[in-house]
Amino acid sequence: MGEQIAEAEAAGADWIHVDAMDGNFVPNISFGQDMVAAARRSTRLPLDVHLMIVEPLKHLESFARAGATRISLHVEAVDSLQTAMQAVRKTGCACGVAINPETPVEALFKDLDDLDYVLVMTVNPGFGGQEFMPETLPKVRALRRRIAECSSHVSLGVDGGINVDTVPLVVAAGADLIVAGSSVYRDDQPVAAGLEQLRRAIIQ
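For every chain, the first residue of its written sequence is number 1, and the numbers climb from 1 along that sequence. Per-residue local features of the predicted model are confined to residues with pLDDT of at least 70, and side-chain atom pairs are confined, for both listing and counting, to 80 or more; whole-chain, interface and lining totals are unaffected and use all residues. Values shown for side chains rest on all heavy atoms present in the structure; no hydrogens or waters enter the calculation.

Trainee: Mind laying out the pattern of salt bridges, listing which residues take part and the relevant values?
Mentor: Every case where a carboxyl oxygen of Asp or Glu lies within 4 Å of a side-chain nitrogen of Lys or Arg is listed as a salt bridge. Counted by the stated rule, this structure contains nine salt bridges. For Asp176, the salt bridge goes to Arg144, with nearest N and O atoms at 3.2 Å. Of the two residues, Asp176 sits in the loop between α7 (167–173) and β7 (177–179) while Arg144 sits in helix α6 (residues 137–149), which places them 32 residues apart along the sequence. Accessibility expressed as a relative area gives 24% for Arg144, which makes it partly exposed. Where helices and strands are cited, they refer to DSSP runs of H or I of at least four residues and of E of at least two residues respectively, numbered from the N terminus. Relative accessible area decides the class of each residue, using a 1.4 Å probe on protein chains only: under 20% of the type maximum gives buried, over 50% gives exposed, and in between gives partly exposed.

Trainee: Pulling in residues and values, what's your account of helix α4 (residues 81–90)?
Mentor: The set of residues buried in α4 consists of Leu81, Ala84, Met85 and Val88. Looking straight down α4, one finds its buried side chains confined to an arc of 100 degrees; they lie on one side. Contacts are assigned to residue pairs that have any heavy atoms within 4.5 Å of one another. Looking at the packing, one finds that the buried side of α4 touches α3 (60–66), β3 (70–74), β4 (94–99) and α5 (106–109). Phi turns positive one or two residues past the end of α4, at Gly92, with a value near 90 degrees. By arc we mean the arc of the directions from the helix axis to the C-beta atoms, nothing more.

Trainee: Provide a residue-level description of the sheet that holds β3, including the pertinent values.
Mentor: In short, DSSP must find at least two bridges between two strands for them to pair. As summarised here, the arrangement of the seven strands in space is β1-β2-β3-β4-β5-β6-β7, forming an open sheet in which the pairing is parallel. Strand pairing shows two members of the sheet lacking a second neighbour, β1 (16–21) and β7, which therefore form its edges. Across this sheet, the average inter-strand angle for adjacent strands is 25 degrees, counted without regard to direction. Summarising the sheet, strand β6 (residues 155–159) and β7 pair through three bridges and their orientation is parallel. Axes here refer to lines fitted to C-alpha atoms; in helices the fit is confined to the stretch in contact. Angles between the N-to-C directions go from 0 to 180 degrees.

Trainee: I'd like a description of the pairing of β1, backed by residues and values.
Mentor: With respect to burial, β1 is a largely interior element, five of its six residues being buried. Each parallel crossover has a hand, and for β1 linked through helix α2 (residues 33–42) to strand β2 (residues 47–52) it is right-handed. We call a crossover right-handed when, viewed with both strands directed away from the observer, the connection leading from the first strand over the helix to the second proceeds clockwise.

Trainee: Give a description of the packing of aromatic side chains that names residues and reports values.
Mentor: Describing an aromatic ring pair means giving the distance of the ring centres and the angle of the ring planes. Only centres within 6.5 Å qualify two rings of Phe, Tyr or Trp (six-membered ring in Trp) as a pair; their planes then separate them into stacked at under 30 degrees, edge-to-face at over 60, and tilted for everything else. By the definition in use, this model includes zero aromatic pairs. A cation over a ring is seen here: Arg70 above Tyr117, with NZ or CZ 4.1 Å from the ring centre. A ring is scored as having a charge over it whenever the NZ atom of a lysine or the CZ atom of an arginine sits within 6 Å of its centre and within 35 degrees of its normal.

Trainee: Explain unusual backbone geometry residue by residue, including any values.
Mentor: Of note in the backbone geometry, Glu55 takes a positive phi value of approximately 50 degrees without being a glycine. Glu55 gets classed as partly exposed once you look at its relative accessible area, which sits at 46%.

Trainee: Can you explain the side chain of His74? Please cite residues and give values.
Mentor: For His74, the location among the structural elements is in strand β3. A 3.5 Å cut-off defines polar contacts: any pair of N or O atoms within that distance qualifies, except that in protein one atom must be a possible hydrogen donor and the other a possible acceptor, and neighbouring residues in sequence count only when both atoms are side-chain atoms. In this structure the side chain of His74 is engaged in a polar contact, spanning 2.8 Å, whose partner is the side chain of His50. For His74, the contacting residues outside a window of four places in its chain are Phe25, His50, Leu51, Met52, Ala98, Ile99, Asn100, Met121 and Pro125.

Trainee: Could you give an account of a nonpolar patch on the surface, naming the residues involved and the relevant values?
Mentor: Like charges are joined within 9 Å and nonpolar side chains (Val, Leu, Ile, Met, Phe, Trp, Tyr) within 5 Å, but only among residues with over 30% relative accessible area and no salt bridge; these make up the patches. Accessible areas in this description were obtained via Shrake-Rupley with a 1.4 Å probe; residue shielding takes into account the shown protein chains only. On the surface, Met1, Phe31 and Met35 cluster together to form a nonpolar patch covering roughly 250 Å² of accessible area. Note that Met35 resides in helix α2. The exposure class of Met35 is partly exposed, given its relative accessible area of 33%.

If you want it as structure tokens, here you go:
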């Protein structure tokens, strides 16, 4: 993992996105605090920790101590988004909220200006390598319009199924943060090649 993180940093990645899954909020289990700490030792880049877990507020401090720079939690996993955002900020981390494909974006509208970033899930969360869901594009457009109307500073990200075919679509819809996994970390090519292919696809 450290070697691939180093490759991504050398290739010009802006940050490293780490998925934490608990087997409850999503069916899979993945990185926890120890892996975040290992990732922190491997890079100076910001670590964006995406909490796909139940009761995320119980674990914010431990992920921050492990080295998270930014923490995103799911709107579906908290009772009060305002309380959750305040809890993230108390850790010193930037605050993001992720939203699942089936959740209406209006759930975020009133809190947008208090966020640092929004992460629209463009697949059902839990497993890598899924196909991009084109029906999520209207959600990206709606959030981009709302951000413009509010003159908000919030960044708009997408996560899931991002490759050379889908990245132009999400950028055209208004995304300015791109999370990519399977299209970058592959057995058949270096990390740098995957990142360069995505960049070229965006500017074409």
